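# Geometric and topological summary
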Amino acid sequence: MIAIIDYGIGNLKSVHNAVSFISPQTKSIVTSDPDIVAKADRVIFPGQGAMPDCILQLEKRGLKESVIEAAKQKPFLGICLGLQMLFETSEEGGVNGFGLLPGAVKRFQLNKNERIKIPHMGWNKVHLSNTHPMWNKIDSDSRFYFVHSFYAEVTNKNLEMATSSHGEKFTCAIAKDNIFAVQFHPEKSSELGLQLLKNFISWNI
Amino acid sequence: MSVAKRIIPCLDVNDGRVVKGINFVKLKDAGDPVEIAKKYNEEGADELTFLDITASSDNRGLLFDIVEKVAKQIFIPLTVGGGVRSCEDIRNLLNSGADKVGINTSAILKPELVAESTSRFGSQAIVVAIDAKKVGDHWEVFTHGGRNATGINAVSWAQKMAKLGAGELLITSMDRDGTKKGFDNVLMKLISDVVEVPIIASGGVGILQHLVDGVKDGEADAVLAASIFHYGEFTIQEAKQYMAENNIEVRL
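Throughout what follows, the structure given in this document is the object of discussion. Residue positions are given per chain, counted from 1 along the sequence in the order it is written. A letter from A marks each chain and a number from 1 marks each ligand, given out in the order of writing. Under the rules for a predicted model, residues below a pLDDT of 70 receive no local features and side-chain atom pairs below 80 are neither given nor counted, while totals for whole chains, interfaces and linings still include all residues. The basis for every side-chain value is the complete set of non-hydrogen atoms in the structure, without hydrogens or water.

## A word on the sheet that holds strand β8 (residues 142-148) of chain A
Residues and elements named next belong to chain A. The strand order across the open sheet formed by nine strands is β2-β1-β3-β4-β12-β11-β10-β7-β8, and the pairing between neighbours is mixed. Bordering the open sheet on either side are β2 (28-31) and β8, each of which pairs with just one other strand. Pairwise comparison of adjacent strand axes, ignoring direction, gives a mean angle of 25 degrees for this sheet. In short, DSSP must find at least two bridges between two strands for them to pair. The way it works is that DSSP assigns letters per residue, a run of H or I at least four long becomes a helix, a run of E at least two long becomes a strand, and they are numbered from the N terminus. As judged from the four bridges shared by strand β11 (residues 168-176) and strand β12 (residues 179-182), these two strands associate in the antiparallel manner. Residue pairing in the sheet places A173 in a bridge with V182 of β12. Only the contacting stretch of a helix is used when fitting its axis, a line to C-alpha atoms as for every element, and angles between N-to-C directions run 0 to 180 degrees.

## Section: helix α4 (residues 64-73) of chain A
For α4 of chain A, the full list of buried residues reads S66, V67, I68, A70 and A71 of chain A. In this fold, the buried residues of α4 of chain A make contact with β1 (2-5), α2 (34-39), β3 (42-45), α3 (51-60), β4 (76-79) and β12 of chain A. Remark: exposure states derive from per-residue accessible area (1.4 Å probe, protein chains only) relative to the maximum for the residue type, with buried under 20%, exposed over 50%, and partly exposed in between. The contact criterion used throughout is that any non-hydrogen atoms of two residues lie within 4.5 Å.

## Looking at the nonpolar core
In a soluble, globular protein the nonpolar side chains are often hidden away together inside. Among buried residues, those of type Ala, Val, Leu, Ile, Met, Phe, Trp, Tyr and Cys that are joined through side-chain atoms within 4.5 Å constitute a nonpolar core. If you look at the biggest cluster of nonpolar residues, it comprises 76 residues, and the most contacted ones within it are F50, L169 and L211 of chain B. Broken down by element, this core gets its largest block of residues, six residues, from helix α6 (residues 154-164) of chain B. With residues up to four places along the chain from it excluded, the contact list for F50 of chain B reads L11, V13, P33, A37, I66, V70, L78, T79, V80 and G81 of chain B. Judged by nonpolar contacts, the second largest core, of 37 residues, contains A175, F180, L197 and F200 of chain A.

## So, the state of the cysteines
The criterion for a disulfide is a pair of cysteine sulfur atoms lying within 2.5 Å. Tallied over the full model, the rule gives zero disulfides over all chains. As a non-bridged cysteine, C87 of chain B has C54 of chain A as the owner of its nearest cysteine sulfur, 20 Å distant.

## With respect to the packing of helix α1 (residues 33-43) of chain B against helix α2 (residues 60-73) of chain B
Residue and element names in this part refer to chain B. Orientation of α1 relative to α2, taken along the N-to-C sense of each, is 35 degrees, at an axis distance of 9 Å. Seen along the crossing, α1 lies across α2 with a hand that is right-handed. Facing α1, whose interface residues are P33, V34, A37 and K38, α2 presents I66, K69, V70 and Q73. Here the term charged refers only to Asp, Glu, Lys and Arg, the term nonpolar to Ala, Val, Leu, Ile, Met, Phe, Trp, Tyr, Cys and Pro, and the term polar to all other amino acids, Gly among them. Each residue belonging to the contact of α1 with α2 can be placed in one class, and the counts come to five nonpolar, one polar and two charged. Crossing handedness: left-handed means the near helix sits turned counterclockwise from the far one by under a right angle, and right-handed means the same turn made clockwise.

## Quick notes on the packing of aromatic side chains
Residue and element names in this part refer to chain A. Note on aromatic contacts: the rings of Phe and Tyr and the six-membered ring of Trp form a pair at centre separations within 6.5 Å, being stacked when their planes are under 30 degrees apart, edge-to-face when over 60 apart, and tilted otherwise. Across all of its chains, the model carries 14 aromatic pairs over all chains by this definition. Where F45 meets F76, the ring centres are 6.1 Å apart and the plane angle is 55 degrees; that geometry is what we call tilted. Of this pair, F45 sits in strand β3 while F76 sits in strand β4, and the two are 31 residues apart along the sequence. Considered together, F45 and F76 belong to a single accessibility category, that of buried residues. Relative to W203, the ring of F200 has its centre 6.4 Å away and its plane inclined at 50 degrees; by these criteria the two rings are tilted. Here the two residues F200 and W203 agree in accessibility, since each one is buried. Ring-pair connections join several aromatic residues into one group, and the members of that group are F108, F144, F146, Y151, F170 and F184.

Rendered as structure tokens:
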């Protein structure tokens, strides 16, 4: 069973829809119940909105500990804010994340010369920087759908699985042990996004 | 390497049916939103926008039904707009499977709805649509499908909406809409220059060069079109090829 963490913000249905579409036989539950998270074989931690709200909502639902516990043990996929939450600190609201990955979350800087827009919204190239089972059947420099204003700066570059570029180069996929996290939205990235979710369902640590 | 310029086909929905697109070939059910959405997805559309033009709010349920069906089968961003009046409306659309909700007239009547909804659902979920018409030497915001003048300057309104948290602005030139003369790129550039959020150019596309002009002259981040795609004049793929040939980064 796959638990999709629901902390009350954003459209989580799309992740659930995508998982059901690629693998109807896999049971997936959108949940805010810590017990279900504890029982799940795999966990997807999607994210939208702001980091301070996310922490508040997780704590309110008694979910924070079970999400951290899951991220330490089982195949765990962080998406967008779900990637940023795994880091130590964030410029967004000056809050601390789970501290499971080394580094800080920063905001894109406006760059008048390159006329970059914030949020970084749309289909951008994902350049693979490491091999990983999650990249099965995904070519380097394929485009995925992004929408975010903050990104994580990982201090241990060995953990970096892919980069993208928006005014500056930034890390857009990270892996450590049982954790894989992406800044883009696989559930909104058409065929290749679905491939990544398929890879997650069959990923054996 | 940077983010691709997006091509967004817009589907008008009335009483649960797509009302344009009747000339589609090979579609079993010409007005079926799921079939049309699938076709656009296969051709490489970067996003889909559904505009609810249902006169009566009694038939709103049909729209939710469409969004739900499309969201179960097509995995690219879906924007839904038309007649959105409250946070409750936005929540219902997001729960049906929309990724973004467009607010137009309600943003004028209740600007606080933009602030409230972006703080509640995130900026990424809210697109503010601005219908603008040239009046003298400047542009003014119009509501109710371009019928009512507001006296508000469109450029400063765009800045205000971005400041209140809108994640994106959809700018339609009422002067160009339906004319096939191309976007009002002077207006697009004026707005693009003063806001940090992405802008979507809309209104007036007749030929593929207009899409290129919207990006190059209007400095739009995305281009929206309806009739050139609906009536089979061009496919999304043809539009993307043409843009790529003109050195615009697109997702091919």
